[in-house]
Amino acid sequence: MSLVDDTATPAPEKPRHRPARIPRTPMPERDAAKRAKDFEEVTLGYTEEMARAEASRCLQCKNPTCIEGCPVNIDIKSFIGEMINGDYHAAVAVLKERNALPAVCGRVCPQEEQCEAQCVLAKKGESVAIGRLERWLGDFDLACELEGRCVPVVGEDTGKRVAVVGSGPAGLACAGELRRFGHAVTIFESLHATGGVLTYGIPEFRLPKHIVQAEVGLLEEMGVEIVCDVVVGATYTIDELMAEEGFDAVFVGNGAGLPMFMGIPGENLNGVYSANEFLTRANLMRAYDFPKVDTPIWRGRKVAVVGGGNVAMDAARTAKRLGAEEVFLVYRRTADEMPARKEEVHHAQEEGVEFKMLCSPVEVLGKDGWVTGIVANTMELGEPDASGRRAPVCVMGADFTIDCDTVIMALGTRANPLLPKTTPDMELSKRGYIVADENGATSKPGVYAGGDIVTGSATVILAMGAGKRAARAMDEWLMGTAR
Amino acid sequence: MFPIVHARQLSDAVFEMGVHAPAIAKKAKAGQFLMLRIDEDGERIPLTFSDWSAEEGWIRFIFMRVGKTTHKLSNLGVGDSLADVVGPLGVPTHVEDMGRVVVVGGGVGTAVAYPVARAMCAAGAEVTVIVGARNADLVILEDEFRALPLKELIVTTDDGSAGRKDLVTAPLKELCEAGAVDHAMAIGPVIMMKFCAATTREYKVPTVVSLNPIMVDGTGMCGACRCTVDGETKFGCVDGPDFDGHAVDFEELMSRQRVYSDDERLADAEYDRECRCHS
Ligand SMILES: Cc1cc2nc3c(=O)[nH]c(=O)nc-3n(C[C@H](O)[C@H](O)[C@H](O)COP(=O)(O)OP(=O)(O)OC[C@H]3O[C@@H](n4cnc5c(N)ncnc54)[C@H](O)[C@@H]3O)c2cc1C
Ligand code: FES
């Protein structure tokens, strides 16, 4: 089955759909006590029956609001409509028209704040489980033999060459789209493996790596060339790519990978990790298999994770799986203000991660160079801040100590200056992110950017959307009036 | 894959290796390093360039067999390949005619000192090199240094089996005392760099050291390589590896280098057993 441009048009008249009045189909999950001991996937995915039942709940609204909730405007009504008709291949084609990585997004997108929040049923009770249907279709597609898979059609060769920096969601989406336009595409990735955060950050138990690799494999099938072990800004500069290596345009999707620390005493003690280092060792380097593999990881017995986002949840749940007896999540606001997805918070609690809310570390304690605990301030919630969340304020004289042998800082990340430093004529924001217009064009002609490096840490789907939009703008720029 | 094009044992535990990597060779500068991974199960380790040829497309590094990865590496030779080689990483050593320069190399750090000394000579500086090792067998690259237009090459060994029976700090102190040093650079074991910096501090001779913290990615992504310099946290891989020796917290660096020493011993012992089983 191939993806042609007319797949987005609605299917011919079918008998009127009568939505099923059944409750939202729950997601089958592995037992919390068992799954917290290994790295296998937590959620099992719908069966075909479950997927059909869930799809049948969709009202097939005349004016579907869910689509506006999707950052890349997937035609949700149509793909669910195709599922109701039992034409899964057609459903996948609709999905892939907007989203090249449905098996990934179906697992990691915050649908509860996006499409599902806008579902008409959400106002009356429970929305259609759009994300789970997306995942089911993504997995259906991946399970097909290659000839059965929905491989986008590659356009006629344009003779133009584009370099894509970074193989995270932004780079992958951009590369796929550029190939569809017929441009030759080479992805340069600094690590030894592709996928960006999907590979080094998000753990196996939430997003199995074979899924990411299968999606990357599809791009290779489309003729995208992938070169790992190239740090753009070190091995080649952007100018060298364009002047010496023969690329006509460059897309920069290098993410925002520089970890932040708190700047408190004791932060460089042994046993203090950035979440990035901890997750990279565990995921990318598979340190959980040490000494079968060569990368070690310090397996703490009492682990404190500082932060309240998805990254903090991933680090806490990974620590648990590495054998920690106790894992604390230390967050300066309350569980309600946590930026992490509700589902992740819930899974972490089920697996025994203990939440220590309203406290903020002021010092890491140590002995002989190793962590022994943290001193934290008690906080309370004050007036709402710029983000609209109530700002935590320190309660004087109420600090206390948490005993632990490992501290993981999951405080967010910033832009890495390595690439911009060697591209002085590309405009940056005050905080070091690349300045790009809504189509990804930077101040440097022929150079486009998208994903976390433009927006700061955001989401997989936003990064993909940016990559895809930039590809369209790059195509126009490359082809000029030729199209 | 990166084919190994050169392999030479320099002493009992020290090896030199060359890899075909034209893109990296074209950009390499003195003081920069690469990250390598031997195979799919391998860890990523940093190694500083000891030499390179942009024309012939190769890079070289020198390593000591200390743990499983360097042990595995020492068992490879021409015809084998490395899964991954990335670079050149880190800020190059600042090279200009700084007048009378002393470059101190200790142990395998001598391998890093060589391209630095060569670049300093080329920039017109008057260069003295002090090479230190435990014994004569561990003195490396002596011929290479002798081929450079140095002012002087001073070799020291702990047991006197080659050159002076002294620590590198002894000749360094004499040169400082004589007022014959405008700039010093020390590359070697942390303890040596610490004492070199302590020696030159007295004479207010600016001293650069090349740090070797534990790294994972080598591009600023993880913070494994955190060092404290002048009371501030720096990332060794992107802010360094060169830092002001008078501002580095060497104690912290030594402590941080030991995080995985138990793991490393375990892994190497297992690897050793495996090797024995196979042979
Ligand atoms: C632990 C964790 C959990 C997350 N969970 C979720 C989630 O559940 N849902 C969600 O929507 N989002 C989640 N996010 C956020 C999401 O992963 C990111 O927003 C998204 O991956 C950004 O995509 P990107 O392509 O911009 O960058 P990245 O995914 O960061 O990819 C950038 C790639 O570029 C490479 N690179 C960097 N510099 C260079 C260079 N100089 N040369 C060559 N290559 C380079 C990097 O190695 C990397 O592979 C999570 C993030 C983390 C860290
Ligand atoms: S090695 Fe990861 S940031 Fe330096």
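Only a predicted model underlies this, so the values are computations on that prediction, with no experimental measurement involved.

## Some thoughts on the site of ligand 1
Residue and element names in this part refer to chain A.
Here is step 1 of the chain: Inspection of the region around ligand 1 gives 32 residues, with Val-108, Ala-170, Glu-189, Val-232 and Asp-452 positioned closest.
Here is step 2 of the chain: Within the side chain of Arg-206, a nitrogen or oxygen atom sits 2.9 Å from an oxygen atom of ligand 1.
Here is step 3 of the chain: Measuring from an oxygen atom of ligand 1, one finds a backbone N or O atom of Asp-452 at 2.9 Å.
Here is step 4 of the chain: Calculation on ligand 1 without its partners gives an accessible area of 1,000 Å², and the protein chains cover 94% of this total.
Here is step 5 of the chain: Considering each element in turn, the shell around ligand 1 owes the most residues, three residues, to helix α15 (residues 310-321).
Here is step 6 of the chain: Broken down by class, the residue content of the shell around ligand 1 amounts to 16 nonpolar, twelve polar and four charged.
Here is step 7 of the chain: Taken together, domain 2 (161-257 + 415-479) and domain 3 (259-412) each give at least three residues to the shell around ligand 1, which thus spans both.

## Examining the sheet that holds strand β5 (residues 225-227) of chain A
Residue and element names in this part refer to chain A.
Here is step 1 of the chain: Read across the open sheet, the five strands follow the order β5-β4-β3-β6-β18; overall the sheet is parallel. The open sheet terminates on both sides in strands that have one partner only, identified here as β5 and β18 (447-449). Averaged over all adjacent pairs, the angle separating strand axes in this sheet is 20°, with direction ignored.
Here is step 2 of the chain: Where strand β6 (residues 249-252) lies against β18, three bridges are found, and the strand directions are parallel. Among the inter-strand pairings, Val-252 is bridged to a residue of β18, identified as Ala-449.
Here is step 3 of the chain: In this fold helix α19 (residues 460-479) packs onto β3 (161-165), β6 and β18, with an angle of close to 170° to the strand it touches most, β6.

## A word on the confidence of the model for chain B
Here is step 1 of the chain: Of all residues in chain B, 99% attain a pLDDT of 70 or more, and the chain-wide mean is 93.
Here is step 2 of the chain: Interface scoring of the predicted complex returns ipTM 0.93; its pTM is 0.93.

## With respect to the packing of aromatic side chains
Think of a pair of aromatic rings as described by two things: how far the centres are apart, and how the planes are tilted against each other in angle.
Here is step 1 of the chain: All told, the structure shown has 14 aromatic pairs over all chains when counted by the stated rule.
Here is step 2 of the chain: Plain terms: the ring middles of Tyr88(A) and Trp136(A) are 4.8 Å apart, the flat faces sit at 80° to each other, and that makes the pair edge-to-face. Of the two residues, Tyr88(A) is situated in helix α5 (residues 88-98) and Trp136(A) in helix α9 (residues 130-143); the sequence distance between them amounts to 48 residues.
Here is step 3 of the chain: When its relative accessible area of 9% is taken as the criterion, Tyr88(A) is described as buried.
Here is step 4 of the chain: Both rings, one in Tyr88(A) and one in Phe140(A), keep their centres 5.3 Å apart while their planes meet at 70°; by these two values the pair is edge-to-face. With Tyr88(A) in helix α5 and Phe140(A) in helix α9, this residue pair connects regions lying 52 residues apart in the sequence.
Here is step 5 of the chain: Each residue in the set Phe39(A), Phe205(A) and Tyr288(A) is aromatic and connected to the rest through ring pairs, giving one cluster.
Here is step 6 of the chain: We note Arg161(A) situated over the ring of Phe247(A); from NZ or CZ to the ring centre the distance is 4.1 Å.
Here is step 7 of the chain: The ring of Trp52(B) has Arg118(B) sitting right over it, with the charged end atom 5.3 Å from the ring centre.

What counts, and where the lines are drawn
- Residues numbered from 1 in each chain as written.
- Chains lettered and ligands numbered in written order.
- Predicted model: local features only at pLDDT ≥ 70, side-chain atom pairs only at ≥ 80, totals over all residues.
- Heavy atoms only, no water.
- Near = heavy atom within 4 Å.
- Polar contact = N/O pair within 3.5 Å; in protein donor to acceptor, adjacent residues only side chain to side chain.
- Areas by Shrake-Rupley, 256 points an atom, 1.4 Å probe, with all protein chains shown as cover.
- Helix = DSSP H or I, 4+ residues; strand = E, 2+ residues; numbered from the N terminus.
- Nonpolar A, V, L, I, M, F, W, Y, C, P; charged D, E, K, R; others polar.
- Domains from an automatic or database assignment.
- Pairing = 2+ DSSP bridges.
- Axes fitted to C-alpha atoms, helices over the stretch in contact; angles between N-to-C directions.
- Contact = heavy atoms within 4.5 Å.
- pLDDT = per-residue confidence, 0-100.
- Phe/Tyr/Trp six-rings, centres within 6.5 Å; stacked < 30°, edge-to-face > 60°.
- Buried < 20%, exposed > 50% of the residue type's maximum accessible area, 1.4 Å probe, protein only.
- Lys NZ or Arg CZ within 6 Å of the ring centre and 35° of its normal.

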